[in-house]
Amino acid sequence: MSTSSSSPVSAGLASPPLDVERIRADFPFLATGVAYLDSANTSQRPLPVLAAMDAYHTQFNANIHRGAYKASEQATERYEATRETVRRFLNARSRREIIYTRGTTEGINLVAYSWARRNLLPGDLIVLTIMEHHSNLVPWQLVAEATGARIEYVDIDEGGELRQDQYRALLQQEPKLVAFSQVSNTLGTINPYREMTAAAKAVGAVVLIDGAQGAPHLGVDVQATGCDFYAFSGHKICGPTGAGILYGRRELLEAMPPFMGGGDMIKTVSTTGTTYAPLPEKFEAGTQAIAQVIGLGTAIDYVSEIGLGAIHEHEQQLTEYALEAMSEIDGLRLFGPPAQRRSGVISFDLAGVHPHDVATILDRHGVAVRAGHNCTQPLMRRLDVPAVARASFYLYTTRDEVDRLLVALRDAQRIFA
Amino acid sequence: MSTSSSSPVSAGLASPPLDVERIRADFPFLATGVAYLDSANTSQRPLPVLAAMDAYHTQFNANIHRGAYKASEQATERYEATRETVRRFLNARSRREIIYTRGTTEGINLVAYSWARRNLLPGDLIVLTIMEHHSNLVPWQLVAEATGARIEYVDIDEGGELRQDQYRALLQQEPKLVAFSQVSNTLGTINPYREMTAAAKAVGAVVLIDGAQGAPHLGVDVQATGCDFYAFSGHKICGPTGAGILYGRRELLEAMPPFMGGGDMIKTVSTTGTTYAPLPEKFEAGTQAIAQVIGLGTAIDYVSEIGLGAIHEHEQQLTEYALEAMSEIDGLRLFGPPAQRRSGVISFDLAGVHPHDVATILDRHGVAVRAGHNCTQPLMRRLDVPAVARASFYLYTTRDEVDRLLVALRDAQRIFA
Amino acid sequence: MVDDQFYREYILDHYKNPRNFGRLEQPDVSHEELNPLCGDVIGMDFRLAEGKIEDVRFHGRGCAISQASASLLTERLKGMPLEEARKISKEEVLEELGIEISPARIKCALLSLKVLKVGAYGLAEGEFEEDEDDS
Amino acid sequence: MVDDQFYREYILDHYKNPRNFGRLEQPDVSHEELNPLCGDVIGMDFRLAEGKIEDVRFHGRGCAISQASASLLTERLKGMPLEEARKISKEEVLEELGIEISPARIKCALLSLKVLKVGAYGLAEGEFEEDEDDS
Ligand SMILES: Cc1ncc(COP(=O)(O)O)c(C=O)c1O
Ligand SMILES: Cc1ncc(COP(=O)(O)O)c(C=O)c1O
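Residues numbered from 1 in each chain as written. Chains lettered and ligands numbered in written order. Predicted model: local features only at pLDDT ≥ 70, side-chain atom pairs only at ≥ 80, totals over all residues. Heavy atoms only, no water.

Enquirer: Describe the pattern of salt bridges, listing the residues and the values that go with them.
Expert: Applying the stated criterion across every chain, the model contains 65 salt bridges over all chains. In this structure, the salt-bridge partner of Glu84 of chain A is Arg87 of chain A, at a minimum N-O distance of 3.0 Å. A residue pair is termed a helical-turn pair when its members lie 3 or 4 positions apart in one helix, as Glu84 of chain A and Arg87 of chain A do in helix 3 (residues 70-90) at three residues. Note on Arg87 of chain A: relative accessible area 17%, which makes it buried. Where Arg250 of chain B meets Glu254 of chain B, a salt bridge forms, and the shortest distance between an N and an O atom there is 3.0 Å. Here Arg250 of chain B and its partner Glu254 of chain B are both found in helix 9 (residues 250-255), four residues apart, which amounts to about one turn of the helix. Given a relative accessible area of 17%, Arg250 of chain B falls into the buried group. Each of Glu84, Arg87, Arg88 and Arg95 of chain A takes part in one network of salt bridges that share partners. (Salt bridge = Lys/Arg side-chain N within 4 Å of Asp/Glu carboxyl O. Helix = DSSP H or I, 4+ residues; strand = E, 2+ residues; numbered from the N terminus. Buried < 20%, exposed > 50% of the residue type's maximum accessible area, 1.4 Å probe, protein only.)

Enquirer: An account of the relation of the copies chain A and chain B is needed here, citing residue identities and associated values.
Expert: Expressed as a screw operation, the relation of chain A to chain B combines 0.0 Å of axial shift with a rotation of 180°, fitting to an RMSD of 0.0 Å. Put plainly, the chains are arranged around a two-fold axis. Residue Gly242 of chain A of chain A places its C-alpha closer to the rotation axis than any other residue of that unit, at 2.9 Å. In this assembly, 100% of the residues forming the interface of chain A have copies in chain B that are likewise at the interface, indicating an isologous arrangement. (Least-squares fit on C-alpha atoms with pLDDT ≥ 70 in both. Contact = heavy atoms within 4.5 Å.)

Enquirer: Outline the site of ligand 1, supporting the account with residue identities and numerical values.
Expert: Among the 14 residues in the neighbourhood of ligand 1, the closest are listed as Thr105, Asp210, Ser233, His235 and Lys236 of chain B. Per-site note: the chains with residues close to ligand 1 are chains A and B. Within the contact set of ligand 1, an oxygen atom lies 3.5 Å away from a backbone nitrogen or oxygen of Thr104 of chain B. Taking Lys236 of chain B, its side chain carries an N or O atom lying 2.8 Å from an oxygen atom of ligand 1. Of the residues contributing to the shell around ligand 1, the split by class is one nonpolar, 10 polar and three charged. (Near = heavy atom within 4 Å. Polar contact = N/O pair within 3.5 Å; in protein donor to acceptor, adjacent residues only side chain to side chain. Nonpolar A, V, L, I, M, F, W, Y, C, P; charged D, E, K, R; others polar.)

Enquirer: How would you sum up the interface of chain A and chain B? Please name residues and give values.
Expert: Between chain A and chain B, the residue contacts involve 81 residues of the former and 81 residues of the latter. Each partner contributes to the roughly 6,400 Å² buried at the junction of chain A and chain B, and carbon and sulfur atoms together form 53% of this total. A salt bridge links Lys70 of chain B to Asp363 of chain A, with the nearest nitrogen and oxygen atoms 3.5 Å apart. A per-element tally of the side of chain A that touches chain B places helix 2 (residues 47-59) of chain A first, with six residues. (Buried area = accessible area lost by both parts, 1.4 Å probe.)

Enquirer: Would you mind going over the site of ligand 2 in detail, with residue names and values included?
Expert: With respect to spatial proximity, 14 residues lie near ligand 2, and among them Thr105, Asp210, Gln213, Ser233 and Lys236 of chain A are the closest. In this structure, ligand 2 is bordered by residues of chains A and B. Within the contact set of ligand 2, an oxygen atom lies 3.5 Å away from a backbone nitrogen or oxygen of Thr104 of chain A. Separating an oxygen atom of ligand 2 from a side-chain N or O atom of His133 of chain A is a distance of 3.1 Å. Coverage of ligand 2 by the protein amounts to 98% of the 390 Å² it exposes when considered alone. Partitioning the shell around ligand 2 into residue classes produces one nonpolar, 10 polar and three charged. (Areas by Shrake-Rupley, 256 points an atom, 1.4 Å probe, with all protein chains shown as cover.)

Enquirer: Talk me through the packing of helix 3 (residues 70-90) of chain B against helix 10 (residues 290-306) of chain B; I want residue IDs and the actual numbers.
Expert: All names here are of chain B. Between helix 3 and helix 10, the shortest axis-to-axis distance is 8 Å and the interhelical angle comes to 40°. As far as their axial angle goes, helix 10 and helix 3 are oblique. When you trace helix 3 past helix 10, the crossing you get is left-handed. Of helix 10, the residues touching helix 3 (which contributes Ala75, Arg78, Tyr79, Thr82, Thr85, Val86 and Phe89) are Ile290, Val293, Ile294, Gly297, Thr298, Ile300, Asp301 and Ser304. A breakdown of the residues in the contact of helix 3 with helix 10 according to their chemical character gives eight nonpolar, five polar and two charged. (Axes fitted to C-alpha atoms, helices over the stretch in contact; angles between N-to-C directions. Parallel < 35°, antiparallel > 145°, perpendicular 65-115°, else oblique. Left-handed = near helix turned anticlockwise from the far one by under 90°.)

Enquirer: For the environment of Leu308 of chain A, give the residues involved together with the corresponding values.
Expert: Looking at the element boundaries, Leu308 of chain A is found in helix 11 (residues 308-327). Residues Leu308 of chain A and Val143 of chain A lie 165 residues apart in sequence; the distance between their C-alpha atoms is 35 Å.

Enquirer: Describe the nonpolar core, and please don't skip the residues or the numbers.
Expert: Core analysis: the biggest nonpolar cluster contains 235 residues, and Leu90 and Trp140 of chain A together with Leu90, Trp140 and Leu395 of chain B have the highest contact counts within it. Sort the elements by how many residues they give to this core and helix 10 of chain B lands first, with 10 residues. Dropping the residues within four chain positions of it, Leu395 of chain B is found in contact with Leu18, Val20, Ile23, Phe27, Cys238, Tyr302, Ile306, Ile311, His314 and Glu315 of chain B. (Core = buried A, V, L, I, M, F, W, Y, C linked by side-chain atoms within 4.5 Å.)

Enquirer: Tell me about the sheet that holds strand 6 (residues 206-210) of chain B, and name the residues and values.
Expert: Residues and elements named next belong to chain B. Read across the open sheet, the seven strands follow the order 2-8-7-6-5-3-4; overall the sheet is mixed. Edge positions in the sheet fall to strand 2 (98-101) and strand 4 (150-154), since each has one partner strand and no second. Across the sheet, the mean angle from the axis of one strand to that of its neighbour is 20°, orientation sign disregarded. Where strand 3 (residues 125-129) meets strand 4, five bridges bridge the pair, whose relative direction is parallel. Each bridged residue has a counterpart across the sheet, and for Leu128 the counterpart in strand 4 is Tyr153. Helix 5 (residues 138-147) contacts strand 3, strand 4, strand 5 (177-181) and strand 6 of the sheet and is inclined by roughly 150° relative to strand 4. Where helix 7 (residues 193-202) meets the sheet, its contacts fall on strand 5 and strand 6, and the angle it forms with strand 6 comes to roughly 160°. (Pairing = 2+ DSSP bridges.)

Enquirer: Before we move on, can you summarise the interface of chain B and chain C with the specific residues and values?
Expert: Across the boundary between the two partners, chain B contributes 21 residues, which contact 22 residues of chain C. Regarding the contact of chain B and chain C, the summed buried area is about 1,800 Å², with carbon and sulfur atoms giving 54% of it. Counting across the interface, chain B meets chain C through one salt bridge. The salt bridge involving Asp357 of chain B is made with Arg105 of chain C; its shortest N-O contact spans 3.0 Å. Taken together, the links from chain B to chain C amount to nine residue pairs in polar contact (both at pLDDT 80 or more). Put simply, the parts of the chain that give the side of chain B that touches chain C at least two residues each are helix 12 (355-364) and helix 14 (399-416) of chain B. Sorting elements by how many residues they give to the side of chain B that touches chain C places helix 12 of chain B first, with five residues. Here the side of chain B that touches chain C is built from residues that sort into eight nonpolar, eight polar and five charged.

Enquirer: Explain helix 7 (residues 193-202) of chain A residue by residue, including any values.
Expert: Turning to helix 7 of chain A, its buried residues are Tyr193, Arg194, Met196, Thr197, Ala199 and Ala200 of chain A. Structurally, helix 7 of chain A contributes buried residues whose contacts are with helix 6 (164-171), strand 5 (177-181), strand 6 (206-210) and helix 8 (222-225) of chain A.

Enquirer: Go over the confidence of the model for chain A with me, naming the residues and quoting the values.
Expert: Residue and element names in this part refer to chain A. Looking at chain A, pLDDT values average 95 and 96% of them are 70 or higher. The secondary-structure element of chain A with the lowest mean pLDDT is strand 9 (residues 266-269), recorded at 89, while strand 7 (residues 229-233) shows the highest, at 99. Across residues 1-12 the pLDDT falls below 50, and counting only partners more than four positions away or on other chains, this stretch makes 30 contacts in the model. (pLDDT = per-residue confidence, 0-100.)

Enquirer: Tell me what's going on with the packing of aromatic side chains, and back it up with residues and numbers.
Expert: Scanning all chains against the criterion turns up 30 aromatic pairs over all chains. Pairing Tyr79 of chain A with Tyr100 of chain A gives two aromatic rings, centres 4.8 Å apart and planes at 70°, and the pair type is edge-to-face. Linking Tyr79 of chain A in helix 3 with Tyr100 of chain A in strand 2 (residues 98-101), this pair joins segments that are 21 residues apart in sequence. No difference in accessibility class separates Tyr79 of chain A from Tyr100 of chain A, as the two residues are buried. Ring centres of Phe21 of chain D and Phe58 of chain D lie 5.1 Å apart, and the angle between their planes is 90°; this geometry places the pair in the edge-to-face category. Pair noted here: Phe21 of chain D is in the loop between helix 1 (9-16) and strand 1 (29-35) and Phe58 of chain D is in strand 3 (residues 52-59), with a separation of 37 residues, a long-range link. Look at Phe21 of chain D and you get partly exposed, because its relative accessible area is 41%. Given the relative accessible area of 0%, Phe58 of chain D is considered buried. Pairwise contacts between aromatic rings join Phe27, Tyr302, Tyr394 and Tyr396 of chain A into one cluster. Between the NZ or CZ atom of Arg117 of chain A and the centre of the ring of Tyr113 of chain A, over which it lies, the distance is 4.0 Å. (Phe/Tyr/Trp six-rings, centres within 6.5 Å; stacked < 30°, edge-to-face > 60°. Lys NZ or Arg CZ within 6 Å of the ring centre and 35° of its normal.)

See the structure below:
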């Protein structure tokens, strides 16, 4: 499922509203009564996903590709079915472009090792943005160290949106690589990723999109977008931990050397040399996270069936409601753009109360939020805060949970008054 | 749990026999009735392991290290508890030496990238063996390509055991790195890994042991052994897919640069540079396989409680029984050493019947074995076979299942007579 | 003892007595392919004349499925116009084998067809795989 | 509204009115440490004389736990013989805070102690962590 434009999604779609109560019944953790407002960190996982992994464990628990017996065949079939599910989800041309990883971080590192270290030369430019997650920063810093490439960062404006003027100016310098997040995990900003990709492709750059926060809430059409790489994590899209996806454009993947060496990524191995398996196996060395890949396929089916359009609309209504209510709290500083241009992520600072203390008080109210730098330290420095508190929503989040957040925030103010 | 010597384990231990029927009740897949003789490929997973992951999913499904609320704290605690479980299991000095990986393959690649590529120079010698799994071959071939180091392979004798004379001769050349498997996944050979490690350390080599087949059946005492690195996979020791362990000696790990960059492996990130987190986080970039790591801890507790000594003895009795019975089948060629010096792994070739056909016929008998090169192509070439069939045992394997294997093998002969 | 539905008589016959097994002297085209699953290799030598496959031999070792499939295929290829040979589909090969092939063994059954397509037609290996992929 | 057991009056008091907050001119020892979880930094300046901590100030921003803990620690340190200061244990610091600290907040509570140990005693950072590790 992909959105038809990278500008605000909900506008004309008018999806039928989510049946949130029915959805919540699928998520066992929610029965604990905790108002879980930390889905941008990791999502909850619904029963069908757990059941799919259970089926593997109890009915066809075997390794894939290798065994010549039924359980192994069944496991292989289910495991490979996820690849087709993901191909459709991303609208990739071929299943060979879908590589299983542990998550976004491994996907980006794979590109950093197998593509960037081989293709960047001293002085070559890498363009990143100041809002990137460490997973889309540190790998490139390591690449720059290894190759002598240099990095420039696109700044944000006061509304928490990327300075497109600056971005265009940097593109004039003909960067070799442009890497940015589809959606910011701290600001919630939905970046104009299609326009940014098109502009970067026009100057010949390779474009990697960090879809960790985009895939679960907006989806993507990689062909329409035109990006070269797109990475996301299963655990943020209702899938299990331990499985994620790297999409890579076939021509690039074919030309890249393998990342890790090991079982299943080879064609022939001898003491004198080795030839590699075709895509995608070339990049999938060793026993993969079989059960988790199967779970990921089920998760994507699950959210796709409900519909990303409807999910996004639901999140946006909650976000609008929360932003409005929070802006009425004295001394509460909100980061990021207006609801229409953001995903269900709200980072904030409560004057006089440290984000960690906010989170602790919220926790005592049974409200789970994240506090810290959210793995975006350069952005923290840019915003001139050491840390923020962050509430984030997903398809199972209710207005009632937002209300509980508001009550708890006022209590934090009372305690620290 | 570790064995007290790298020579045959069972000899003097006399563990009480396993209550295999009780054990089998813990493994749901076995209820399918399949005689699962492919545990060297991946093991079955017992209910306590599934229950531990279920508890995570239903009671404290949250990300670790980051959240300031109860579910996240609980997840972190359970996740870190596995580290202590593994530390005890390997008898490592510190939890900081225990790094979570996806499996053996990733662990070896981590060492190949972060240690070997930084420390090997053109002409430096890497000593491997001809029986290695591709996961302990290809990463070093890639290292050799990148650094100009050269590789020598220790051969086997006719009994499928490493030629120690040749090994000692190679050590005379003062290799920088020696990497070998504790137990061969194809021959079942239990290598004299302690003696081999001591000899390599004596000439100043860094020693990596591939414990994929060793950890689940023998365990290891890394301090007594004296190896620098030890890698194994959770999915072969009753744990879930997607989680494994790299042990590294602290001094080496401290000096190594990170492998992947991303969330959680940093201390500070800025646009101008980055400092890294202390061990083990330095090597654990991005969201880890949280549920699976928790499952792995439970798996290690599970096998430790039953006792690796007893498990090994059980396997050895089965192996002895099977080897004897199989040697009575005309035209059946057995590979590997006698039962006392091998793990519960039997690779064989049935004259006139291709291993794939053997496996297919066995499958039709409900007997699951592996057929192929077992990711040991150089060993296949050494044995002068294109492929083998392999039966492998674990704590839940019964003599009855071995009998079913024997019946099926005779049927294969009949069909192809 | 299991039923012998899978390893039918004629499969075993082709396996034990493969037709057109061996090498051609001075073939016009010669090509080998590997089944990476098991390490089996099958090669074929072709002699071409007037747009036809005048003669063909196969060599290499393998399982009953791949050997029988190669043997059956060569029988069919002999004397066949190249144009026609090019059109032989995976489905036809599987059908001719006449047994139900599990996904894990499909590569065995199609190895000889791959040798034909990649060897005689210069299809890139990727293409053959891809179209397998999308089947 | 939740009970205020966690953020007791005196914690909040130390947070809002931290004792010994600021810098010393020409300190004998000065050291900062970071809590990587939240990016908080606490630093301490020490003036030493005759084997005693004659004066101490702390600076940096942080949560109520780390600020109160630093404030309480400096109160205690003033005039304390170095030998005695070296012996202050994590348990003592946690006890003095008098509230139940969750694992996630332990680093906040012990940040100032880390500044003292690593700064004034030149303990390697690893050592402090390690002994935390093994506690
Ligand atoms: C000896 C040996 N080494 C390495 C591996 C690779 O382990 P994994 O595939 O779990 O990474 C295996 C298992 O396949 C093995 O048996
Ligand atoms: C924008 C963004 N990029 C990358 C990541 C890293 O994802 P993972 O930790 O699953 O590898 C995250 C999530 O933590 C994220 O929000």
